[in-house]
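Results of the structural survey
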Amino acid sequence: MIICEIRQNLTKIEFESGRVLYLIGTAHVSGESVQLVEDTINEFNPDTVSVELDKNRLDALKNRKKYEETDIIEIFKKGKVLFFASQILLTSYQKKIAEKTGVAPGAEFKKAIEMAEDKGARLVTADRDISITLKRTMRSMTLKEKAKFFGGAFLSDDKDINSESIEELKKGDLLMSLIGEMGDEFPSVKRIILDERDTYLAVNIVKNLGNITVAAVGAAHVPGILKHIQSEKTESIDLAEIEHIPPASRSSKIIPWLIPAVILLLFVWGFFNGDAKNAADAAFSWILITGGLSALGCILAFGHPLTILSGFLAAPITTLHPAIGVGMVTGLVQLYFVRPVVKDLENAAADTTNWKGWWKNLLTRALLVSLFSSIGASIGTFVAFPMLMKILL
């Protein structure tokens, strides 16, 4: 095996079988990366082109018009909510970068796809399914880490994006630059989003080699991919382990049911050991506090009037049944009465570059309705709990 860097961000790997791989390290916000992809494919005329995309993201790129005309409710039914919703924070940040650089994020992959089709080359989607990556990431993070991670992303200010940071981003992969900065605080995030995907990309690229292959990946993945290729062990790596979504911990399964069970026991205790007035007062307090705070969350998110009502009615029940969250109810009701289409998602990147845009966009507003109503109901549970004890015990 011979590995050599023939020019900046372009590495040539010659395998003993005679097959050749040209590995391009791209920056998702650099026009130079787009040009490098085009020049490399034109120069070496590959029979196989691999890209750092999964099938879902490829479909979104190739069938954009179809997705724009799709009702968001249908996306909920088809289980694509996670894929679309999970992109908003990152896409919003990418939009800020794109406005500074004049290059749409991922333009190099679009160019690779277009050129592969024009030249009749086989196209390989070498990346892991984004939903698996996100689920593994979320399962690995504590509640505090999640709050800190998403809070920081939600409140990010594009004033921090100056000319120097733009030039740095042009030299490497955008997402990995962000992950690199958070590596010390969120080591599990780096492991899952960077290290595991290095392995996944390396295995799939080597597994699908043509006689001449051009692979376009984020620059931060290149060292890891080369390390795996040099080990010559990619064929023996089983990807099942990093495709597996770990189950929730036992405590995370028990605690959500334990709190409602204690509350229900309080009601039963109060009913049999108190009087009817105390039981009625306790029930009224529970409904008023959990329902009221959930409805307040809907109001703060500018929810539809019937969504606010649904939050008030659902919260006292859903807080006692962890399998059904009030956020699911209010989110679906909001989507039903204020229906966004995927064009709202297309605009979400631009709308959410500032915090006010989260309320302006119909899709992200529905997400806020779901989130705020859930937070309100949770606060209501902890506020009402000591009151129930005081009334019923």
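Everything here concerns the structure above.
These figures come from a predicted structure and were not determined experimentally.

**Digging into the packing of helix α16 (residues 276–300) against helix α17 (residues 305–318)**
Viewed as axis vectors pointing N to C, α16 and α17 meet at an angle of 145°, and their least axial separation amounts to 7 Å. As for the relative orientation of α16 and α17, their crossing is right-handed in sense. Mapping the contact onto sequence places W286, I287, L288, T290, G291, G292, S294, A295, C298 and I299 in α16 and T307, I308, G311, F312, A315 and P316 in α17. Class assignment for the residues of the contact of α16 with α17 results in ten nonpolar, six polar and no charged.

**Comments concerning unusual backbone geometry**
Non-glycine residue N45 carries a positive phi angle of around 45°. With respect to the helices and strands, N45 occurs in the loop between α1 (31–44) and β4 (48–51). The class for N45 is partly exposed, based on a relative accessible area of 49%. In this model, E232 sits at a positive phi of 55°, which is unusual for a non-glycine residue. Along the chain, the position of E232 falls in the loop between α13 (222–231) and α14 (240–243). Among the residues examined, E232 registers a relative accessible area of 54% and is labelled exposed.

**Things to note about the pattern of salt bridges**
Under the counting rule described, the total for this entry stands at ten salt bridges. The closest approach of N and O atoms between E196 and R136, which form a salt bridge, is 2.7 Å. A residue pair is termed long-range when its members are at least 10 positions apart, and E196 in helix α12 (residues 187–207) and R136 in helix α8 (residues 130–140) qualify at 60 residues. Taking the relative accessible area as the measure of exposure, E196 reaches 7% and is therefore buried. Bridged by salt links that share partners, the residues E52, D54, R57, D127 and R197 form one connected network.

**Quick look at the nonpolar core**
Here is a general trend for soluble globular proteins: nonpolar side chains tend to be buried in one another's company. In terms of nonpolar packing, the biggest core is built from 20 residues, with Y22, I24, V37, I41, V49, V51 and A112 touching the most fellow members. In this structure I41 touches P46, V49, A112, M115, K119 and V214, once residues within four positions along its chain are discounted. Counting residues in each nonpolar core, the second largest holds 17 residues, with A202, I205, A215 and L226 among its members.

**Focus: the sheet that holds strand β1 (residues 2–7)**
Strand order in the open sheet formed by six strands is β1-β2-β3-β6-β4-β5, and the pairing between neighbours is mixed. Each edge of the open sheet carries a strand with a single partner, namely β1 and β5 (122–125). Within the sheet, the average angular offset between the axes of one strand and its neighbour, ignoring direction, is 20°. Note: β1 against strand β2 (residues 10–14), five bridges, orientation antiparallel. Pairing of R7 across the sheet is with L10, part of β2. The sheet strands contacting α13 are β1, β2, β3 (20–26) and β6 (212–218), and the helix crosses β3 at an angle near 160°.

**Some points on the packing of aromatic side chains**
Per the counting criterion, the structure on display carries five aromatic pairs. On the basis of an interplanar angle of 90° and a centroid distance of 6.0 Å, the ring pair of W355 and W359 is categorised as edge-to-face. For W355, a relative accessible area of 51% gives the class exposed. Given the relative accessible area of 15%, W359 is considered buried. Ring centres of W359 and F372 lie 6.1 Å apart, and the angle between their planes is 55°; this geometry places the pair in the tilted category. Of this pair, W359 sits in helix α20 (residues 357–360) while F372 sits in helix α21 (residues 362–392); the two residues are 13 residues apart in sequence, bridging distant segments of the chain. Note on F372: relative accessible area 21%, which makes it partly exposed. An aromatic cluster is built from F302, W355, W359 and F372, whose rings are joined through pairwise contacts.

Reading guide: rules and limits
Residues numbered from 1 in each chain as written. Predicted model: local features only at pLDDT ≥ 70, side-chain atom pairs only at ≥ 80, totals over all residues. Heavy atoms only, no water. Axes fitted to C-alpha atoms, helices over the stretch in contact; angles between N-to-C directions. Helix = DSSP H or I, 4+ residues; strand = E, 2+ residues; numbered from the N terminus. Left-handed = near helix turned anticlockwise from the far one by under 90°. Contact = heavy atoms within 4.5 Å. Nonpolar A, V, L, I, M, F, W, Y, C, P; charged D, E, K, R; others polar. Buried < 20%, exposed > 50% of the residue type's maximum accessible area, 1.4 Å probe, protein only. Salt bridge = Lys/Arg side-chain N within 4 Å of Asp/Glu carboxyl O. Core = buried A, V, L, I, M, F, W, Y, C linked by side-chain atoms within 4.5 Å. Pairing = 2+ DSSP bridges. Phe/Tyr/Trp six-rings, centres within 6.5 Å; stacked < 30°, edge-to-face > 60°.

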